[in-house]
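Single-letter residue listing:
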Amino acid sequence: MRAMLAQIGQNELREKILHTFEAARHAWHIPLHIGPIDISINKSIWFLWIGAAVTFLILFVGSRLLKDRPGAYQVIVEELYGFGRNLGGQVGEEGRKWFPYTLSLFVFILVLNFIGLIPNTYPVTANISFTLVLALLTFILTQYEGFRRNGAGTYLKSFAPPGLPLKPLMVPFMWGIEVLGEFTKPLTLGMRLYANILAGHLIIYVFLGLILYFGSVVAIISVPLSVVFYAFEIFVAILQAYIFAILTQVYIELAMFREDH
Amino acid sequence: MALLIAELDPTGIFDLGNTSLIFWEVITFLILLFLLIRYVYPPIRNQIRERQAQIERSIDEAEKTRAEARELLAEYRRQIEEARGEGRRILEDARKQAEAQRERTKKEAREEGDRIIQRAREEIDREREAAVREVRREVADMVIQASEQVIGRSIDRDEHERLISQALDDLEAEVAGATAGDGSETA
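These numbers come from a predicted model, not from an experiment.

(A) Region of the structure containing the overall build of chain B. Each helix and strand in chain B was counted, giving three helices and zero strands. Scanning chain B from its N terminus toward the C terminus, one meets helices and strands in the order α-α-α. When burial is assessed residue by residue, chain B has 13% of its 187 residues classed as buried.

Spelled out as structure tokens, the structure:
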């Protein structure tokens, strides 16, 4: 075992397992380019599409089988819808109009998280490019709603909290900090999802990798532990999808009602 | 941009700037959003709203039915109460009637009895008078016979009878006077 590990070598190991992105870039590859930009279809894109298709099908089939006396499946879909509806209205009732976006985001991320847990798939949500782009969309929508509802002047002014002492000094300072905070929001949003999903996969990998380092005796401990973490990952998958969705909703609503708070 | 990415992620382990993933992610997510918002959410929303309306209707109906049932119950109670009152009244009437009937019967019986007694008394009076008359005649006859035997000859019967009758009347008057005298004396 140890000999095998030595043969693979550190770089190759990183390429093979830890560096899933590299491996995925060359699997199931269809090269495509728009000018200099590479838009090749590879394993990560395939699983992105599978996730989107599963998301759509779960909800679409649910929406076409509607009956007055619902079965279990319809109840699940309706509950999901009701849950999404209650994601809205965190700050103000008007924010509820954004819940279709948040709900779609929730189900999409949840499905991708779950797909990532299946062996030999690609965990799309453990890719920082993916999560940061979603966070960026949230950021764009947040700023759009902030400017649209409050008007540019009021919205920009509202970044400086009222009732500050030493106004000439503190107001620009606090305004700067608040604006900076506005930019860190999408960053943390994307990083949180990425780090949690990646860490879950890494922990399982590390536990199983211990077998390669210390021999098959360790399997007695590391296999049950990795199973436990696997189960925990299911919980994390739901939790992180929820956190991403609800934070998106809250950010948008906070921007909408910036003036009132 | 590429330089910035290279600086942020020199080993490439973070897979920043994966252009193909970013490109397809945006496209896919936008299409997914469009499809979901256009084709999936409206029917679910309508279904939920419809069911909500239906449940509300059912609840309203149930409340109406309950109110009706309550009214009906009250109506029945009222009817039963009425029937009970009616029964009581009928019983009362019957009792009164029976009482009256009894009274009437008693009175009639008393009257009948009185009448019978009256009749009996009259009868007795009549009998007594007849008896007195008979006794009188017997006495007169006996006196005449005795007188004839004593005198030894027949006497004028009519004259005699008048005399005896007068004597008896005198006697009677005397007796009456004596009883009246007794009465006055006792008074």
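So, next bit.
(B) Local environment of helix α5 (residues 72-87) of chain A. Taking 1.5 Å as the rise per residue, α5(A) with 16 residues should run 22 Å; its terminal C-alpha atoms sit 22 Å apart, in good agreement. Taken together, the buried positions of α5(A) are occupied by Gln74(A), Val77(A), Glu78(A), Leu80(A), Tyr81(A), Gly84(A) and Leu87(A). If you follow the buried residues of α5(A), they end up packed against α4 (43-64), α6 (99-117) and α10 (219-256) of chain A together with α2 (19-151) of chain B. Looking one or two residues past α5(A), Gly89(A) carries a phi angle of roughly 75 degrees, positive in sign.

(C) Structural view of the side chain of Arg96(A). Turning to its location among the elements, Arg96(A) is positioned in the loop between α5 and α6. Given the relative accessible area of 19%, Arg96(A) is considered buried.

(D) Representation of the packing of aromatic side chains. If you walk through the whole model with that rule in mind, you get 19 aromatic pairs over all chains. Aromatic side chains Phe83(A) and Phe106(A) sit 4.9 Å apart centroid to centroid with 55 degrees between the ring planes, which places their arrangement in the tilted category. Of this pair, Phe83(A) sits in helix α5 while Phe106(A) sits in helix α6; the two residues are 23 residues apart in sequence, bridging distant segments of the chain. Centroid distance Phe108(A) to Phe29(B): 5.5 Å. Interplanar angle 20 degrees. Geometry classified as stacked. In this pair, Phe108(A) sits in helix α6 while Phe29(B) sits in helix α2, so the two residues belong to two different chains. A relative accessible area of 0% means that Phe108(A) is categorised as buried. These aromatic residues form a ring-pair network of at least three members: Trp98(A), Tyr101(A), Phe108(A), Phe130(A) and Phe29(B).

(E) Main features of the interface of chain A and chain B. On the chain B side, the residues contacting the 48 residues of chain A number 34 residues. When the two sides are added together, the surface that chain A and chain B hide from each other amounts to roughly 3700 Å², 70% of it contributed by carbon and sulfur. One can count one salt bridge joining chain A with chain B. Between Glu78(A) and Arg51(B) there is a salt bridge, and its shortest N-O distance comes to 2.8 Å. Run the count over chain A and chain B and you get four residue pairs in polar contact (both at pLDDT 80 or more).

(F) Representation of a nonpolar patch on the surface within the structure. Residue and element names in this part refer to chain A. Where nonpolar side chains cluster on the molecular surface, the patch consists of Ile50, Val54, Leu57, Ile58, Val61, Leu65 and Tyr73 and spans about 530 Å² of accessible area. The element contributing the most residues to the nonpolar patch is α4, with five residues. One can find Val54 in helix α4.

(G) Local environment of a negative patch on the surface. All names here are of chain B. A contiguous patch of negative charge, built from Glu56, Asp60, Glu61 and Glu63, is present on the exposed surface. You can see Asp60 is positioned in helix α2. Looking at Asp60, the relative accessible area reads 48%, which means it is partly exposed.

(H) Molecular detail of the pattern of salt bridges. Inspection of every chain in the model, using the stated rule, returns 19 salt bridges over all chains. Across the salt bridge formed by Arg96(A) and Glu93(A), the nearest N and O atoms sit 2.5 Å from each other. Ionic pairing is found between Glu92(B) and Arg95(B), a salt bridge with its closest N-O pair at 3.4 Å. On the criterion of helical spacing, the pair formed by Glu92(B) and Arg95(B) is a turn pair, its members being three residues apart in helix α2. Judged by relative accessible area, which is 36%, Glu92(B) ranks as partly exposed. Overlapping salt bridges, with partners in common, bring together Lys97(A), Glu145(A) and Arg148(A) in one network.

(I) Geometry of the packing of helix α7 (residues 128-150) of chain A against helix α9 (residues 167-214) of chain A. Residue and element names in this part refer to chain A. Running from N to C, α7 and α9 point in directions that differ by 145 degrees, and their axes come no closer than 8 Å. For the element pair α7 and α9, the recorded crossing hand is right-handed. Side by side, α7 and α9 meet where Ile128, Thr131, Leu132, Ala135, Thr138, Phe139, Thr142 and Gln143 of the first sit next to Glu182, Phe183, Pro186, Leu187, Leu189, Gly190, Met191, Leu193 and Tyr194 of the second. Across the contact of α7 with α9, the residue classes tally to 11 nonpolar, five polar and one charged.

(J) Summary view of α2(B). Here α2(B) is 133 residues long and its end C-alpha atoms lie 189 Å apart, about the 198 Å a rise of 1.5 Å per residue gives. Largest kink in α2(B): about 40 degrees, centred on Leu36(B).

(K) A look at the environment of Pro31(A). Residue and element names in this part refer to chain A. Inspection of the secondary structure puts Pro31 in the loop between α3 (20-26) and β1 (33-34). We classify Pro31 as exposed; its relative accessible area is 53%. Through-space distance from the C-alpha of Pro31 to that of Asn42 is 8.2 Å; in sequence the pair is 11 residues apart.

(L) Layout of the environment of Leu141(A). Residues and elements named next belong to chain A. Turning to its location among the elements, Leu141 is positioned in helix α7. Through-space distance from the C-alpha of Leu141 to that of Thr248 is 9.1 Å; in sequence the pair is 107 residues apart. Not counting residues up to four positions away in its chain, the partners in contact with Leu141 are Trp98, Tyr101 and Ile252.

Rules used in this analysis
Residues numbered from 1 in each chain as written. Chains lettered and ligands numbered in written order. Predicted model: local features only at pLDDT ≥ 70, side-chain atom pairs only at ≥ 80, totals over all residues. Heavy atoms only, no water. Helix = DSSP H or I, 4+ residues; strand = E, 2+ residues; numbered from the N terminus. Buried < 20%, exposed > 50% of the residue type's maximum accessible area, 1.4 Å probe, protein only. Expected span 1.5 Å × (residues − 1). Contact = heavy atoms within 4.5 Å. Phe/Tyr/Trp six-rings, centres within 6.5 Å; stacked < 30°, edge-to-face > 60°. Buried area = accessible area lost by both parts, 1.4 Å probe. Salt bridge = Lys/Arg side-chain N within 4 Å of Asp/Glu carboxyl O. Polar contact = N/O pair within 3.5 Å; in protein donor to acceptor, adjacent residues only side chain to side chain. Patch = residues over 30% accessible without salt bridge, like charges linked within 9 Å, V, L, I, M, F, W, Y side chains within 5 Å. Areas by Shrake-Rupley, 256 points an atom, 1.4 Å probe, with all protein chains shown as cover. Lys, Arg positive; Asp, Glu negative; His and termini not counted. Charge placed at Lys NZ, Arg CZ, Asp CG, Glu CD. Axes fitted to C-alpha atoms, helices over the stretch in contact; angles between N-to-C directions. Left-handed = near helix turned anticlockwise from the far one by under 90°. Nonpolar A, V, L, I, M, F, W, Y, C, P; charged D, E, K, R; others polar. Bend = angle between axes of the 7 residues up to and from the residue.

Honestly, that's just the spatial picture; any functional story needs more than this.
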